[in-house]
Amino acid sequence: MQQTLRQDRPIVLTGDRPTGALHLGHYIGTLRSRIALQHTHRQYVLIADAQGLTDHASDPERIRRNIIEVALDYLAVGIEPTQTTICVQSALPALSELTLLYLNYVTVARLERNPTIKDEIQARGFGRDIPAGFLCYPVAQAADITGFKATIVPVGDDQVPIIEQTNEIVRRICRQAGRDVLPEAKAVVPAIGRLPGVDGVAKMSKSLGNAICLSASSEEIKQAVCRMYTDPNHLKVSDPGRVEGNVVFTYLDAFDEDKEAVEDLKTHYRRGGLGDTTVKKRLEFVLEALIAPIRERRAVLARHPDDVLEVIRSGTAASRAVTQATLDDVRDALGLFTFGRN
Ligand code: TRP
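Structural notes, computed from the coordinates.

## Let's talk about the overall build of the chain
The helix and strand tally for the chain stands at 15 helices and 5 strands. Taken over the C-alpha trace, the chain has a radius of gyration of 22 Å; the compact-globule value for 342 residues is 20 Å, and the two agree within 12%. With respect to the principal axes defined by its C-alpha atoms, the chain has extents near 80 × 45 × 35 Å. Looking at the chain as a whole, 49% of its 342 residues qualify as buried. When contacts within the chain are restricted to residue pairs at least 6 apart in sequence, long-range pairs at least 24 apart make up 77% of them. Accessible area for the chain stands at about 16600 Å²; split by element, carbon and sulfur atoms hold 54% of it. Of the charged side chains in the chain, 42 are positive and 44 negative, and the gap between their average positions amounts to 2 Å.

## Structural notes on the packing of helix H4 (residues 60-77) against helix H14 (residues 276-302)
Following both chains from N to C, one finds H4 and H14 inclined at 125 degrees, their axes separated by 8 Å at the closest point. Here H4 lies oblique to H14, going by the angle between them. Judged by the sense of rotation from one axis to the other, the crossing of H4 with H14 is right-handed. Across from Glu69, Leu72, Asp73, Leu75, Ala76 and Val77 in H4, the residues of H14 making contact are Ile294, Arg297, Arg298, Leu301 and Ala302. Classifying every residue of the contact of H4 with H14 by side-chain character gives 7 nonpolar, no polar and 4 charged.

## Let's talk about the site of the ligand
Arg17, Gln51, Gln141, Asp144 and Gln159 are the nearest of the 14 residues found near the ligand. One of the side-chain N or O atoms of Gln141 is found 2.8 Å from a nitrogen atom in the ligand. Here a nitrogen atom of the ligand sits 2.8 Å away from a polar atom, N or O, in the side chain of Asp144. For the ligand, the protein covers 89% of the area, taking 370 Å² as the surface of the free molecule.

## With respect to the pairing of strand E3 (residues 84-88)
Counting buried positions along E3 yields 4 of 5 residues, so the element is predominantly enclosed. For strand E2 (residues 42-47) and E3, the ladder comprises 5 bridges, and the chain directions are parallel. By the bridge assignment, Leu46 is partnered in E3 with Cys87.

## Remarks on the packing of aromatic side chains
Across all of its chains, the model carries 7 aromatic pairs by this definition. Plain terms: the ring middles of Phe337 and Phe339 are 4.8 Å apart, the flat faces sit at 85 degrees to each other, and that makes the pair edge-to-face. Residue classification places Phe339 among the exposed residues on the basis of a relative accessible area of 78%. In this structure, Arg17 is placed above the aromatic ring of Tyr137, and the distance from its NZ or CZ to the ring centre is 4.5 Å.

The rules we used
Residues numbered from 1 in each chain as written. Predicted model: local features only at pLDDT ≥ 70, side-chain atom pairs only at ≥ 80, totals over all residues. Heavy atoms only, no water. Helix = DSSP H or I, 4+ residues; strand = E, 2+ residues; numbered from the N terminus. Rg over C-alpha atoms; globule rule 2.2 N^0.38 Å. Buried < 20%, exposed > 50% of the residue type's maximum accessible area, 1.4 Å probe, protein only. Contact = heavy atoms within 4.5 Å. Areas by Shrake-Rupley, 256 points an atom, 1.4 Å probe, with all protein chains shown as cover. Lys, Arg positive; Asp, Glu negative; His and termini not counted. Charge placed at Lys NZ, Arg CZ, Asp CG, Glu CD. Axes fitted to C-alpha atoms, helices over the stretch in contact; angles between N-to-C directions. Parallel < 35°, antiparallel > 145°, perpendicular 65-115°, else oblique. Left-handed = near helix turned anticlockwise from the far one by under 90°. Nonpolar A, V, L, I, M, F, W, Y, C, P; charged D, E, K, R; others polar. Near = heavy atom within 4 Å. Polar contact = N/O pair within 3.5 Å; in protein donor to acceptor, adjacent residues only side chain to side chain. Pairing = 2+ DSSP bridges. Phe/Tyr/Trp six-rings, centres within 6.5 Å; stacked < 30°, edge-to-face > 60°. Lys NZ or Arg CZ within 6 Å of the ring centre and 35° of its normal.

The structure is reproduced here in structure tokens:
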């Protein structure tokens with residue numbers, strides 16, 4: 001009975017490239033949604049190692065190593081393997097086959113116009129030497145999403161154009177097939193938007209060195225908060241300060257449960273008389289309260305790597321069946337060759 005009920009739930013699929021440890025940007029962007037959704041939805045989480053290769057082709061070792069690290073982050077943060085199926089992308093061949101089929105229903109010009117791709121090409125400095133796999137990763141991501149027939153995709157706001165492109169592919173395939181073989185998906189984006197890095201310059205990113213990891217030590221949290229960007233014109237405690245664009249307040253908005261206390265602090269800061277150190281002390285306390293239990297659970301789990309491996313092994317096995325069934329549906333809907341019925 002329980003099983004049947006779960007089968008009826010809407011399907012959620014989301015994923016991460018295993019290029020490094022997950023950080024607070026991931027937490028705000030999607031992890032928090034995933035922890036909530038797993039109790040009411042049928043949730044799959046994909047460790048997107050094949051996608052990781054699209055911008056780390058010269059370092060496959062890094063991608064391989066980080067699969068287990070990302071799995072540890074998931075489990076430590078509260079993604080429960082009894083509620084969520086965790087799987088490894090490159091071990092799901094049906095996704096690669098779907099990608100290859102979908103590539104025929106997308107133009108290069110459309111891929112080049114994708115705003116996420118445009119931004120990332122610039123950020124990674126590819127210039128004209130864009131790896132074809134990178135240009136096409138939105139198509140592979142469409143395969144990830146549709147392979148599980150997901151209708152809900154929790155993502156950061158930078159990924160929204162990819163979900164739009166996924167739905168274009170879905171419509172194109174359905175038109176070709178003459179029936180709704182695949183569902184469209186909806187992006188679930190957090191209200192708080194994008195979390196800036198501690199430098200306040202760009203979004204939080206490990207490679208930019210402005211991140212706070214989910215496994216950060218107390219000392220690392222302290223250091224990060226200490227160097228956090230505030231209001232450069234707030235020189236003396238008595239000066240009125242700006243809250244907008246002040247990273248410490250952005251983080252308090254994102255992580256402090258006591259909204260009223262945060263509003264009081266903002267009023268006081270704007271008026272003058274509240275020092276950066278006092279606000280930073282509070283943020284340090286809030287972040288330590290969030291991260292300490294994650295860090296402790298992670299340390300315990302890390303002592304049993306075989307158990308973690310087993311979680312992703314069995315999740316991947318279950319996902320193989322699901323994604324293969326979708327591939328069969330799509331092949332059938334498009335009327336492709338099979339030895340069985342020609
Ligand atoms: N592109 C996503 C990111 O960089 C990761 C990802 C891969 C993903 N496959 C996905 C996200 C499917 C949502 C759905 O963060």
